[in-house]
2 protein chains.
Amino acid sequence: MTAETEGSLDEDAPPAGVAFEEDAPPAPGTPLRDREQQVLDRIARARRRRPVVREERITLAHGSGGKATQTLVQAVFLEAFRNPRLAPLEDGATLALGGARTAFTTDAFVVSPLFFPGGDIGDLAVNGTVNDLAMCGARPAYLSAGFILEEGFPVADLRRIAASMAAAAAAAGVEIVTGDTKVVQRGKADGCYVTTAGVGLLERPVELSAARARPGDAVIVSGPIGEHGAAIMLARGDFGIEAPIVSDTAPLHGIVAALLDDLPPGGVRALRDATRGGVATILNEVAVASGVCVVAEEEALPVRPEVTGVCELLGIDPLYVACEGRFVAVVDGQHAQRAVEALRGHPLGAGAAVIGTVRDDPPGLVLLRTAFGGTRIVDLLVGDPLPRIC
Amino acid sequence: MTAETEGSLDEDAPPAGVAFEEDAPPAPGTPLRDREQQVLDRIARARRRRPVVREERITLAHGSGGKATQTLVQAVFLEAFRNPRLAPLEDGATLALGGARTAFTTDAFVVSPLFFPGGDIGDLAVNGTVNDLAMCGARPAYLSAGFILEEGFPVADLRRIAASMAAAAAAAGVEIVTGDTKVVQRGKADGCYVTTAGVGLLERPVELSAARARPGDAVIVSGPIGEHGAAIMLARGDFGIEAPIVSDTAPLHGIVAALLDDLPPGGVRALRDATRGGVATILNEVAVASGVCVVAEEEALPVRPEVTGVCELLGIDPLYVACEGRFVAVVDGQHAQRAVEALRGHPLGAGAAVIGTVRDDPPGLVLLRTAFGGTRIVDLLVGDPLPRIC
C-alpha cells in the first residue's frame, strides 16, 4: 500500500484502466501531448491530497485491496496507530527483537467458498502468511491461528481445514504454535474465518521495500497470473462456466530464497505477492512508494489461455485478478535475465518473465503498453469485482 | 487448557458445580466416604479418555472456554498441528527466535456489544493479547491486528475502535505494527471482529506453566472477579437490570512484572488471566496440568457486591464469569503473603487475595469449601451461559 492516495470516492481521481485519450475532458483542438499532461496533473493533484474516507459505512470495496482499502487503511488505521514500523505498509513489519532481526505479519481469511480447486481456506491462510514473511525476505518460522466459527459449522469441515493447515505448515517448514477459537451465533459469520499471524527470521542482509525501485530496474512476475482469483470465481458457480483452473496457492519462501541467493546484494529491490487487486495493484504500490513510473508490456504478461478466456467472458482484466502463489520482483535492470533464470530454476517459477521496466516519469503512475500499440494508465481498482477472494 | 479431558457430551462426566452428595447415584446405605470415592473414580475414568468431539456441528459451547472448547482444541487442532510448542496449550508459545527468548500469542475477539461500560472490542483486543504475553512472563512488544468487517458497518464506529486500540497500545507500551482488513457481505459477520496477535520478549529467567503447581503452593487472584462478564451481560440489556459495573479490561504486564521481581526465582509457578470460563476454568487447568488438587475457599474470593448481586439474579456463579484484567497466580506457599503484598502495591492489584491452596489429592480436581462449611467439585462448564463475552 502507498503513503499517499486519494479518497476512494474522489471524483477528481482517474477511473481505473481508462485510456489517456478518453479520460481528460479536452478543449477542442488541444494537442494530444497537452491533454495527456492535463490527466497527469489531475492525478498528481489527487495523490497529494490527504486520504479521506467519505463513505459513512463500510462497503465491499473497502475489502478489495484497491483504492478504497488503501484509503481506509491510511485514514483510519495508519492515522490511529501511526508508528515508523507500520507506516511503510509493507507485507509485514521488520522488527529488532532481542538482537534478532525478525519479520511479523498477519492476514484475515474470509474466502468463499471455503473449499475450491487447488486448495481451501486452511492452506490459503498458512501460505498467505508464509508469503508475507517471504516478501520481507524472512524465513517463516512460527504461525498463530485464530478461528471464528459459525454455530452449526460442520466439525468434519473444520477437521479438513485443520488437516490442510497442518499439511501446508509442514510443506512450508513452519509450526502453528498458538491459537484461539471463538464461536458466533448462526448468521453472524459464514462458516469459518481464519486469521493467521506469523513471525520469521531475517537471515540475509536484505532490505526490501516497495519504496526502493529506481529508474532502470526491471519488473518480473514469478509465473502466470490470475489463477487463484479465476479458480474462486468458477468455484462459486455463479457464471455457469467450467474451465480447468486451480488456485496457485503455494508457499513462496523457497523460490524467494533462490532469487535472493542468486543475485548480488541489493540486486533485489522489492518483493510483493500479488494477492487482492492482483499485479496491477502491486505495480501501483511500487510506483507511488518509489515515486517512479512502471511501464508494463501487455504482451509480456504470462497468463494461461484458460484464465484469459474466463476473464474475457466475465469482463475482468487478469492484471487485477488475485494470485496466491505468484509475486512481483523489482530487480536491478542489469540482473533481470539472471533473476528470471533463477526463478525458472525453481518448480514454482517455470513461467517467470520480465513484464516491465521502471523509469522516472511520470512519477507514481503505471502505464501499460497494449498489444495494439497503445498506452493506458493502470490505476487501482475503485470497486471490488471479486469480493472474498482470500 | 489441559492435556487430557473428556468428550464434551460424555454422559459419564460429572456436571459442573454439582455437590458431591448429589452427583453419585449412591446405593442405599453407602457410607459418605465411599460415595465420594465413586464420584472421584468416575471423574478419573472420564479424564483418562482420549478427547473426542461427538457433535457433528459446532455449537456455542465450543466457544465457551469450557469442556467443549478444550475437547475441540485437543481433538481437532492439537491433533492436526501437534508440536512441542503448541502442546502445553499455555496462553502463548515460548519460542527461541534467532537467539532471543520470545513469546507469541493470538486471540480472536467477537464480543457483543462492541462498546460496553469500561471498554470496547478495541482495547479488549489489545489488552487481551498483551495479557497473554504477560502470562508467559514476557514484556509485550509488538501487536498485529486483523479486522473482519461487515458491509454496512459505520466507519465512525471503526474509527472509535481504532482510537481505542491506539490508546490501549500506548498505555501498554506496545506498537501495532502490521494488520489486515477484510470485508464480508451484510449478514456474514456482526459489525466488526478483531484478531490480534502479539510478540514479546522474555527478559526474566522465568519458567511459568500451569503444569508447575505443586502441593503446598498458594493460589492468588489479583483482584475482584467477574466484572468484565457482568458488565457485558448488563450491556446487552436482555435482563432489564442496571448496576454500576464496568469491565475490568486492563493490561497486566506491569503488575506481573511487580510480582515476578518481588518473589525469589521460581517462586511464581503459573500465571493465567481469567478470561472465558473465569477463575473456575483456570483452577481446573492448573489442577489437571499439574496433577494436583486445588482447594479454593469461597469466603476468600474477592467479588464486588454488585457482581454478586447480578450473578445471583441471573443464576450464574461468579467463579465462571470472565475477567479481562485479573489473573490467577500459583506461587510457592511460603511466599504467599509477600506475593499478595507485591500485587496490592500495584494500582491493578488492590483487591488481591489468597483464594486457595494446592494439595496432592485427589489429583486433577478443584474443590470449593463453601461458606456453609460444605465442599463441592468445581468442574469446567459444559455449556456456555455467556456467549461472545470477548
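Here is what the cut-offs are and how they apply
Residues numbered from 1 in each chain as written. Chains lettered and ligands numbered in written order. Predicted model: local features only at pLDDT ≥ 70, side-chain atom pairs only at ≥ 80, totals over all residues. Heavy atoms only, no water. UniProt positions renumbered as here; feature names shortened; annotations may be inferred. Helix = DSSP H or I, 4+ residues; strand = E, 2+ residues; numbered from the N terminus. Salt bridge = Lys/Arg side-chain N within 4 Å of Asp/Glu carboxyl O. Buried < 20%, exposed > 50% of the residue type's maximum accessible area, 1.4 Å probe, protein only. Least-squares fit on C-alpha atoms with pLDDT ≥ 70 in both. Contact = heavy atoms within 4.5 Å. Buried area = accessible area lost by both parts, 1.4 Å probe. Polar contact = N/O pair within 3.5 Å; in protein donor to acceptor, adjacent residues only side chain to side chain. Nonpolar A, V, L, I, M, F, W, Y, C, P; charged D, E, K, R; others polar. Pairing = 2+ DSSP bridges. Axes fitted to C-alpha atoms, helices over the stretch in contact; angles between N-to-C directions. Domains from an automatic or database assignment. Core = buried A, V, L, I, M, F, W, Y, C linked by side-chain atoms within 4.5 Å. Right-handed = clockwise from strand over helix to strand, strands pointing away. Phe/Tyr/Trp six-rings, centres within 6.5 Å; stacked < 30°, edge-to-face > 60°. Lys NZ or Arg CZ within 6 Å of the ring centre and 35° of its normal.

### Side note on the UniProt feature "domain: PurM-like C-terminal" (unreviewed entry) in chain A
Thought 1: The sites that UniProt annotates as "domain: PurM-like C-terminal" (unreviewed entry) are residues 214-362 of chain A.
Thought 2: Secondary structure across residues 214-362 of chain A divides into 35% helix and 18% strand, with the first and last C-alpha atoms of the span separated by 13 Å.

### Some remarks on the pattern of salt bridges
Residue and element names in this part refer to chain A.
Thought 1: This model, assessed by the stated rule, comprises 39 salt bridges over all chains.
Thought 2: The residue Arg-82 makes a salt bridge to Glu-79 at a minimum N-O spacing of 3.5 Å.
Thought 3: Residue classification places Arg-82 among the exposed positions, given a relative accessible area of 52%.
Thought 4: If you follow the salt bridges from partner to partner, you end up with Glu-227, Asp-248, Arg-304 and Arg-326 in one network.

### Examining the relation of the copies chain A and chain B
Thought 1: Each copy of the sequence occupies a distinct position, and chain A is placed on chain B by a rotation of 180° and an axial shift of 0.0 Å, giving an RMSD of 0.1 Å. What the rotation and shift describe, once combined, is the action of a two-fold rotation axis. Distance from the rotation axis, computed per C-alpha, reaches its smallest value in chain A at Ala189(A): 2.2 Å.
Thought 2: Most of the interface of chain A is mirrored in chain B: 99% of its interface residues are interface residues there too.

### Thoughts on the interface of chain A and chain B
Thought 1: The interface is formed by 80 residues belonging to chain A together with 80 residues belonging to chain B.
Thought 2: Counting the surface lost from both chain A and chain B, the interface buries some 6,900 Å², and carbon and sulfur atoms represent 67% of this.
Thought 3: Counting the contacts that link chain A with chain B gives six salt bridges.
Thought 4: Note that Arg276(A) is salt-bridged to Asp180(B), the shortest N-O span being 3.0 Å.
Thought 5: Where chain A packs against chain B, one counts 24 residue pairs in polar contact (both at pLDDT 80 or more).
Thought 6: Every element with two or more residues in the side of chain A that touches chain B is listed here: helix H3 (67-81), strand E1 (93-97), strand E2 (100-109), strand E5 (139-150), helix H5 (155-172), strand E6 (175-184) and strand E7 (192-201) of chain A.
Thought 7: Each residue belonging to the side of chain A that touches chain B can be placed in one class, and the counts come to 45 nonpolar, 19 polar and 16 charged.

### Focus on the sheet that holds strand E7 (residues 192-201) of chain B
Thought 1: Pairing is mixed across the open sheet formed by five strands, whose spatial order is E1-E2-E7-E5-E6 (chain B). Only two strands of the sheet have a single partner each, and these edge strands are strand E1 (93-97) and strand E6 (175-184) of chain B. Strand-to-strand twist across the sheet, computed as the mean angle between neighbouring axes with direction ignored, equals 20°.
Thought 2: Bridge analysis of strand E5 (residues 139-150) of chain B against E7(B) gives ten bridges, and the strand direction is antiparallel. Opposite Ala145(B), over in E7(B), you have Thr196(B) as the bridge partner.
Thought 3: Set on the sheet, H3(A) makes contact with E5 and E6 of chain B; between it and E6(B) the angle comes to about 150°.

### A closer look at the sheet that holds strand E14 (residues 375-377) of chain A
Residue and element names in this part refer to chain A.
Thought 1: Judged by pairing direction, the sheet is mixed, and its seven strands sit side by side in the order E9-E11-E8-E12-E10-E13-E14 without closing on themselves. Whereas interior strands pair on both sides, the edge strands pair on one side only; in this sheet they are strand E9 (268-273) and E14. The sheet shows a mean angle of 25° between the axes of neighbouring strands, taken without regard to direction.
Thought 2: Two strands pair when backbone bridges link them, and strand E10 (residues 293-297) and strand E12 (residues 353-359) are joined in this way by four bridges, in the antiparallel orientation. Note that in E12 the partner of Val-294 across the bridge is Val-358.

### Details of the domain arrangement of chain A
Where the parts come together, the accessible area they lose is often given as the size of the interface.
Residues and elements named next belong to chain A.
Thought 1: Under the domain assignment, chain A is made up of domain 1 (90-201) and domain 2 (210-377).
Thought 2: Listed per partner, the contact involves 20 residues of domain 1 and 22 residues of domain 2.
Thought 3: Interface area, domain 1 with domain 2, both sides summed: about 1,700 Å², of which 58% is carbon and sulfur.
Thought 4: A per-residue breakdown of the area domain 1 buries against domain 2 is headed by Pro-117, Asn-131 and Met-135, which together make up 30% of the total.
Thought 5: For the salt bridge of Arg-272 with Glu-90, the shortest nitrogen-to-oxygen distance reads 2.8 Å.

### Topic: the nonpolar core
Thought 1: Residues Phe147(A), Leu149(A), Leu158(A), Met165(A), Cys192(A), Phe77(B) and Phe81(B) are the most contacted members of the largest nonpolar core, which totals 58 residues.
Thought 2: Sort the elements by how many residues they give to this core and H5(A) lands first, with nine residues.
Thought 3: Once residues lying within four places of it in the same chain are set aside, the contact partners of Phe147(A) are Leu158(A), Met165(A), Asp180(A), Thr181(A), Lys182(A), Cys192(A), Tyr193(A), Val194(A), Phe77(B), Phe81(B) and Ala108(B).
Thought 4: Core analysis: the next-biggest nonpolar cluster, separate from the first, contains 57 residues, Leu60(A), Leu78(A), Val155(B) and Leu158(B) among them.

### With respect to the pairing of E6(B)
All names here are of chain B.
Thought 1: Burial analysis of E6 places eight of its ten residues in the buried class, the great majority of the element.
Thought 2: Pairing of E5 with E6, which is carried by nine bridges, proceeds in the parallel orientation. Bridge pairing in E6 places Phe-147 opposite Thr-181.
Thought 3: Once the chain exits E5 it traverses helix H5 (residues 155-172) before rejoining the sheet at E6, and the crossover so formed is right-handed.

### A closer look at unusual backbone geometry
Where the residue is not glycine, phi is negative for most of them; where a peptide bond is considered, it is trans in most cases.
Residues and elements named next belong to chain A.
Thought 1: Across the junction of Ser-112 and Pro-113, the peptide omega takes the value 0°, indicating a cis bond.
Thought 2: Here Pro-113 is to be found in the loop between E2 and strand E3 (115-116).
Thought 3: The omega torsion of the bond from Asp-361 to Pro-362 falls at -5°, within 30 degrees of zero and hence cis.
Thought 4: Position of Pro-362 relative to the elements: it lies in the loop between E12 and strand E13 (366-369).

### Structural notes on the packing of aromatic side chains
Thought 1: Taken as a whole, this structure holds five aromatic pairs over all chains when the rule is applied.
Thought 2: Both rings, one in Phe147(A) and one in Phe77(B), keep their centres 4.2 Å apart while their planes meet at 25°; by these two values the pair is stacked. Pair noted here: Phe147(A) is in strand E5 and Phe77(B) is in helix H3 (residues 67-81), and the two residues belong to different chains.
Thought 3: The rings of Phe77(A), Phe81(A) and Phe147(B) are connected pair by pair, giving a single aromatic cluster.
Thought 4: A cation over an aromatic ring shows up here: Arg160(A) above the ring of Phe115(A), its NZ or CZ 3.7 Å from the ring centre.
Thought 5: Directly above the aromatic system of Phe109(A) lies the positively charged group of Lys182(B), at a separation of 5.5 Å from the ring centroid.

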